[in-house]
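Below, each chain spelled out in residue letters.
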Number of protein chains: 2
Amino acid sequence: MQGNNKKIFIQEVVTRDGFQNERDFVDTDKKIELINQLSQCGYSKIEVTSFTSPKAIPALRDAEQVMMGITRHSSIEYTVLVPNMRGAERALSCDADEANLVMSTSESHNLSNLKMTREASFHALSEVIKEVQSTRTAINVSLSTAFGCPMEGDISLETVLSWAERFVEQGARGITLCDTTGMAYPTQVAEVVAKFKERFGDLQLTVHLHNTRGMALSNALAAIEAGANRFDSSLGGLGGCPYAPGATGNVSTEDLVHMLELMGYRTGIDLEQILKASAQLPALVHHDVPSQILKAGRRLDLHDVPNSVKEHLGK
Amino acid sequence: MQGNNKKIFIQEVVTRDGFQNERDFVDTDKKIELINQLSQCGYSKIEVTSFTSPKAIPALRDAEQVMMGITRHSSIEYTVLVPNMRGAERALSCDADEANLVMSTSESHNLSNLKMTREASFHALSEVIKEVQSTRTAINVSLSTAFGCPMEGDISLETVLSWAERFVEQGARGITLCDTTGMAYPTQVAEVVAKFKERFGDLQLTVHLHNTRGMALSNALAAIEAGANRFDSSLGGLGGCPYAPGATGNVSTEDLVHMLELMGYRTGIDLEQILKASAQLPALVHHDVPSQILKAGRRLDLHDVPNSVKEHLGK
C-alpha cells in the first residue's frame, strides 16, 4: 500500500466533465484563465472541452475559443472530447494533442445517451479514428459504464474488455474505463484493472472514477494496487450524475492528490496551487463544490491553540 | 482485499456522536424510536447517549430517559459515553452494558476539550474504572486524536500506544482509536493498527473514523487489512467537526456497510432497514445528511430504461 515514490498521472477534467452539466455558463475568458492556471500545476493531461453540438451541451459552446485561447504548457497533453466526425474535424482544426472518443459498454446507456446502438457507435468512431490517425493527434477511447450501468446493472468484464480490444485494434493508444455513475467498488476495480493489464500490457489505461457512492478514493487505491497509474479527476469534485441528483460527482482532484501524496505516491501536482484554483470554482459555478480538502484543509493545516490552553502548556 | 466472508463488527454512534452537536433538540421519544428501530438491524453495539453535563451538551440532556426508555435486544451491547465519575454513576444507574470513557492523546486537545491535562484525565478515569469494575458494566476507552491533532499535528505512535497500555493495565477491555478530526490516511492507519495488534493481540480494538478529508472508507479498508474488525460509524454520516465547518463528519454507516458487503465482508447489518432509518434523519435534525448511499441508492438500485430505448432494445 506504501506509495514508495511511484508516479501516478493525474488528468484534470474539470473544464469538460465538470462544467458540462453546469446550469450557468462559465465565461470563456474565465475558462481560459482557469486552464492556464492549472497548466502550471503539474498535470500530465488536461481535458479542455468537448466538441459536441452546442445545442446538446451549451455550457461548452465555446470549445474552439477555449482551445485557441489557452497557453499550452509543453509537458501537458491537451485532450478534447470528440463524439463524432464533426467533432473530430473541429478538434483537428484546433490541433488538440489527443481526441478522446466516447461510447458506452452498455447498450441501454449508449442508446439513452448517444441515441444509437453500440455497433453504430463503434463504426462511427472507427471512421473518426481513420481520419485522425494521419495527424499528430492521438486517440483515446473512453468506455462508459465499465463498472456498471444504472439501467442494466453489471456489465460483464468480457464485454468491457472486448470493446477495448476492438478500439485498440483500430489504433487507440489509450483506453479509459469510466465508472460513469459511481457503481464501482474496490474488489471489482482490482479485478477489472488486473484483467485489463493482463490483456493489454502497457497500453495507456486511465481510470475515471465518480464518488457517487463514496468509494472513489478506495477504488483509486484498489486500481493502483492492481497496476493502474493514471486517473481522471475533477477539481473541486465538480461534475454530477443525472441518475443521482444531489450526490457527489467526479472524484475530486485535490482529495485524490492529498491522499496519494500522504501515502508516498508522487503525483507531481502542486496541491497548494490547485487548492487556490479550486477555491475560485464556487464563484464560477455559483454553488458549493463537493471537495473535502477545500472545506477542511490539508491534514496538517493546523489550528491555533486557544489562549487558555497556551497558559496551561506554558507557551 | 477480498472479504471472504470475514465478520466486521459495526457499532452505531448516531444518537450519541451524531446528535450531540445538533442545534435542534431531537425529541426523547424520537431518539428512543430510532434506537429501537436500529436494534432490529444487526449491530453489535449501539452507543446510545452521553452522560455528560446537560449544560455542556444540552442535545443529550435526556440521557437517562433514553437509556431507560429503549427496548434492548439481547445480541446488542448498549454503550454510553462517560466523561467522569458523575457520568459513571448515571451510567450504572441505567445498567449500561458498557461505559465508554474518553480522553485525548494530544495535550492541547485534551486541555481544549476536557479542560484538564492528560495526566489529570487519566487519574480521574482510573477512579471511574475502579468504580465500574465491580459491576457487570464493561469498560472501553476512546482515545481521541490518535491519528493527529488539529492543533499539534501528528501524535507519535508510541504516545498513542502507551496511553492505550495504561488503560489496559487498569482493566479496560477495549480501546477505540479515534480519528477525531479526520486526519488519518490509509498507510498511517495500517501502521497504527498493525502495531496495536502486535502489542495488544486480541484486545477489542475499535477504529472510529471521520470522513472530514474524504478518506474514511479507504482508512477502514486499510484498518481491516492490518487486522481491525470493528468500527464505529454514524447513520447518515451525522456528526460534524468543529475544526472543519461544512465538512462531512463521522463515517456513514450505510456507506461503510454498502462497500464492505460488496467486497464480501459480512457485517450482519440489514442495509435496506438502516437506509429506511437514515431516510428519517433529515426530518429529525432539520438538515440534509452527508450519506452518499442515502442520496444515490445502492449500486444495483437500477433506473428505468426510457421508452425510446425500450423500442430499440425490442423490449
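Residues numbered from 1 in each chain as written. Chains lettered and ligands numbered in written order. Predicted model: local features only at pLDDT ≥ 70, side-chain atom pairs only at ≥ 80, totals over all residues. Heavy atoms only, no water.

Residues and elements named next belong to chain A. Summed over all chains, the structure comprises six aromatic pairs over all chains. Residues Phe 196 and Phe 200 carry aromatic rings whose centres are separated by 4.7 Å and whose planes lie at 45 degrees to one another, so their mutual orientation is tilted. Pair noted here: Phe 196 and Phe 200 are both in helix H8 (residues 186–200), with a separation of four residues, about one helical turn. Both residues of the pair, Phe 196 and Phe 200, belong to the buried class. Following the ring pairs from residue to residue traces out a cluster consisting of Phe 122, Trp 163 and Phe 167. Just above the ring of Phe 9 sits the side chain of Lys 7; from NZ or CZ to the centre is 5.3 Å. (Phe/Tyr/Trp six-rings, centres within 6.5 Å; stacked < 30°, edge-to-face > 60°. Helix = DSSP H or I, 4+ residues; strand = E, 2+ residues; numbered from the N terminus. Buried < 20%, exposed > 50% of the residue type's maximum accessible area, 1.4 Å probe, protein only. Lys NZ or Arg CZ within 6 Å of the ring centre and 35° of its normal.)

Residues and elements named next belong to chain B. Orientation of helix H9 (residues 216–225) relative to helix H10 (residues 253–262), taken along the N-to-C sense of each, is 50 degrees, at an axis distance of 10 Å. If you check the angle between H9 and H10, you find them oblique. Read as a crossing pair, H9 and H10 show a hand that is right-handed. In this structure, H9 contributes Leu 217, Ala 220, Leu 221 and Ile 224 to the contact, and H10 contributes Asp 255, Leu 256, Met 259 and Leu 260. Among the residues forming the contact of H9 with H10, the class breakdown is seven nonpolar, no polar and one charged. (Axes fitted to C-alpha atoms, helices over the stretch in contact; angles between N-to-C directions. Parallel < 35°, antiparallel > 145°, perpendicular 65-115°, else oblique. Left-handed = near helix turned anticlockwise from the far one by under 90°. Contact = heavy atoms within 4.5 Å. Nonpolar A, V, L, I, M, F, W, Y, C, P; charged D, E, K, R; others polar.)

Looking now at the interface of chain A and chain B. Facing 54 residues of chain A, the contacting portion of chain B comprises 54 residues. Contact between chain A and chain B buries roughly 4400 Å² in total, counting both sides, with carbon and sulfur atoms accounting for 64%. Considering only the surface of chain A that becomes buried against chain B, Arg 213, Arg 299 and His 303 of chain A emerge as the three largest contributors, covering 17% of it. Between the two partners, chain A and chain B, sit two salt bridges. We note a salt bridge from Asp 154 of chain B to Arg 299 of chain A, for which the minimum N-O separation is 2.6 Å. Our count for the chain A to chain B interface comes out at 16 residue pairs in polar contact (both at pLDDT 80 or more). (Buried area = accessible area lost by both parts, 1.4 Å probe. Salt bridge = Lys/Arg side-chain N within 4 Å of Asp/Glu carboxyl O. Polar contact = N/O pair within 3.5 Å; in protein donor to acceptor, adjacent residues only side chain to side chain.)

Take the sheet that holds strand E4 (residues 98–104) of chain A next. Residue and element names in this part refer to chain A. What the eight strands build is a closed barrel, ordered E1-E2-E3-E4-E5-E6-E7-E8; its pairing is parallel. Direction aside, the axes of adjacent strands within the sheet are offset by 25 degrees on average. Strand direction decides the pairing type here: E4 and strand E5 (residues 138–144), joined by seven bridges, are parallel. If you follow Leu 101 over to E5, its bridge partner there is Val 141. (Pairing = 2+ DSSP bridges.)

Right, let's get into the nonpolar core. Of all hydrophobic cores here, the largest spans 100 residues; its most connected members are Phe 19, Phe 167 and Leu 177 of chain B. The element that contributes the greatest number of residues to this core is H9 of chain B, accounting for seven residues. Beyond its immediate sequence surroundings of up to four residues, Phe 167 of chain B is in contact with Met 103, Phe 122, Leu 125, Ile 129, Val 141, Leu 143, Ala 172 and Ile 175 of chain B. By size, the runner-up hydrophobic cluster in this structure holds 99 residues, among which are Leu 143, Leu 209, Phe 231 and Leu 275 of chain A. (Core = buried A, V, L, I, M, F, W, Y, C linked by side-chain atoms within 4.5 Å.)

All names here are of chain B. Structurally, the position occupied by Thr 267 is in the loop between H10 and helix H11 (271–279). For the pair Thr 267 and Ser 126, spaced 141 residues apart in the sequence, the C-alpha separation amounts to 33 Å. In contact with Thr 267, other than residues within four places in its own chain, are Lys 7, Ile 8, Ile 10, Gly 42, Val 257, Leu 260 and Glu 261. A distance of 2.5 Å separates a polar atom in the side chain of Thr 267 from a polar atom in the side chain of Glu 261.

Our next topic: the relation of the copies chain A and chain B. Superposing chain A onto chain B requires a rotation of 180 degrees together with a translation of 0.0 Å along the rotation axis, leaving an RMSD of 0.0 Å. Here the symmetry operator amounts to a two-fold rotation axis. Measuring from the rotation axis to each C-alpha of chain A, the shortest distance belongs to Ser 218 of chain A, at 2.3 Å. Comparing contact sets, 100% of the residues at the interface of chain A also lie at the interface in chain B, consistent with an isologous, same-surface contact. (Least-squares fit on C-alpha atoms with pLDDT ≥ 70 in both.)

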